[in-house]
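Coordinate analysis (summary)
Residues per chain are reported as follows:
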Amino acid sequence: MVKLNDIVVKFGDFTALHHINVEVKEGEFFTFLGPSGCGKTTTLRTITGFIEPAQGTVIVQGADITHVPIEERNIGIVFQSYALFPTMTVYDNIAFGLRIKKNKRPDVDRKVREIAQKVDLSDEQLQKAVSQLSGGQQQRVAIARALVNEPAIICMDEPLSNLDARLRVQLRNELKKMQRDFGITTIYVTHDQEEALTLSDRIAVFNDGFIEQVGTPNEIYNHSNSEFVCNFIGDINRLESGIVEKMIKAGAAIRKEEYNYIRLERVHVNEPPRDGLLILDGVVKSQEYYGLYIKYTIDVKHQIVRVIEKNDGVKIYDPGETVKICIDPVDVMAYPHGDVSGRDGNA
């Protein structure tokens, strides 16, 4: 559906993207994820036509659109700021692109009302100025304006970042439902790992203009290709030499010459012993109660290990208590020192 072939983007002497190769499948929700300045928005802007690459091609539905003007690419765009006209009505905002394309008035009216219904905007809201709407309603207007022209692809640049935390979670669910209902190929940019994991069919993790890894949310989280990815996605413990040496002595196939990591939820407290499980004494330093789960900070051999345990309402450990932490070596992710695996730009 969308292919980026060997894309290089330069701003003067600075190379922003290094030989990026990405293929997005039809109907897929594909996310570009990474910290600020990593190249994810630059890649999106290359697809939409705001940036022309120094090298490489942009292919959409088999056609090379690298040098095609923005307005001829048939790509809907939802900006971070929504870029709506605040003094115009919701109706006029949605209709704007149709009128530019000189659609007939009856067709404009029909298409605006159809798309408004699909994104849950009422007839009453259509007559309001955009400035009178809430942030969540404005987001729906921006999506409706992008979809009303029936684009082959919709690109979204951090569309939830200006909303409060509760509304972000609510609209995240609505966004995924809308994308599924429309079946439209969606390319989404975010720096929020939770957002990427919950929304995406696949994720490309960017770092310094390279792609570190492409995969499903489960692959990215549980089988991180590089040390950068494992640290960027979710929360994780880096195991220090004392614990690593204990695991090696117990027969674990890990090496002290590598950096060894384990996810918080993969460490357990006072679990029944079984073959292959490493059990170590520790002292609870603190606990954070979240309702569904409890996060413990535990001192193990003078290393702080953080643990997330499901809250069963019975086994709750207080600061100062001695506990046994349990680690299965198969849950450890290991990376060579100075690891840059995944930095081949391929996706």
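Residues numbered from 1 in each chain as written. Predicted model: local features only at pLDDT ≥ 70, side-chain atom pairs only at ≥ 80, totals over all residues. Heavy atoms only, no water.

Side note on helix α2 (residues 90–100)
Every buried residue of α2 is accounted for by V90, Y91, N93, I94, A95, G97 and L98. Looking at the buried side of α2, the elements it contacts are α3 (105–118), α4 (123–126) and α5 (135–147). A positive phi of about 65° marks K102, the residue just after α2. (Buried < 20%, exposed > 50% of the residue type's maximum accessible area, 1.4 Å probe, protein only. Helix = DSSP H or I, 4+ residues; strand = E, 2+ residues; numbered from the N terminus. Contact = heavy atoms within 4.5 Å.)

What to know about the pairing of strand β9 (residues 202–207)
In regular strands, side chains alternate between the two faces of the sheet. Among the six residues that make up β9, six are buried, leaving the element largely enclosed by the rest of the structure. Alignment of strand β3 (residues 29–33) against β9, held across four bridges, turns out to be parallel. Across the sheet, T31 pairs through a bridge with I203, a residue of β9. In terms of strand pairing, β9 meets strand β10 (residues 210–215) through five bridges, oriented antiparallel. Paired with A204 across the bridge in β10 is V214. Following β9, the chain reverses through two residues before pairing antiparallel with β10; D208 in that reversal takes a positive phi of roughly 55°. (Pairing = 2+ DSSP bridges.)

Some remarks on the packing of aromatic side chains
By the definition in use, this model includes nine aromatic pairs. Seen in terms of ring centroids, F30 and F32 are 5.8 Å apart; in terms of plane orientation they differ by 80°. Their pairing is edge-to-face. Considering the side-chain rings of F85 and F96, the 4.9 Å spacing of their centres and the 50° angle between planes classify their relative orientation as tilted. Highlighted residues: F85 in the loop between β6 (75–78) and α2 and F96 in helix α2, separated in sequence by eleven residues. We classify F85 as partly exposed; its relative accessible area is 30%. Ring pairing ties together the aromatic residues F30, F32 and F206, which thus form one cluster. Residue placement shows R263 over the ring face of Y221; its charged tip is 4.1 Å from the ring centre. (Phe/Tyr/Trp six-rings, centres within 6.5 Å; stacked < 30°, edge-to-face > 60°. Lys NZ or Arg CZ within 6 Å of the ring centre and 35° of its normal.)

Remarks on the packing of α5 against helix α6 (residues 165–182)
What describes two packed helices is the angle between their axes and the distance between those same axes. The contact between α5 and α6 brings their axes to 11 Å, and the two run at 20°. Taken together, α5 and α6 sit at an angle that is classed as roughly parallel. Two packed elements cross with a definite hand, and for α5 against α6 that hand is right-handed. Mapping the contact onto sequence places G135, G136, Q139, R140, I143 and L147 in α5 and L167, Q170, L171, E174, L175, M178 and F182 in α6. Partitioned by chemical class, the residues of the contact of α5 with α6 number seven nonpolar, four polar and two charged. (Axes fitted to C-alpha atoms, helices over the stretch in contact; angles between N-to-C directions. Parallel < 35°, antiparallel > 145°, perpendicular 65-115°, else oblique. Left-handed = near helix turned anticlockwise from the far one by under 90°. Nonpolar A, V, L, I, M, F, W, Y, C, P; charged D, E, K, R; others polar.)

Let's talk about the sheet that holds β10
Spatial strand order, β6-β7-β8-β3-β9-β10: six strands in an open sheet with mixed pairing. A strand with exactly one partner marks an edge of an open sheet, and here the two such strands are β6 and β10. The mean inter-strand angle of the sheet, taken between neighbouring strand axes irrespective of direction, is 15°. Both β3 and strand β8 (residues 185–190) contribute to a ladder of five bridges, which runs parallel. Of the residues in β8, the one forming a bridge with F30 is I187. Against the sheet, α5 touches β6 and β7 (153–157), its axis set at about 165° to β6.

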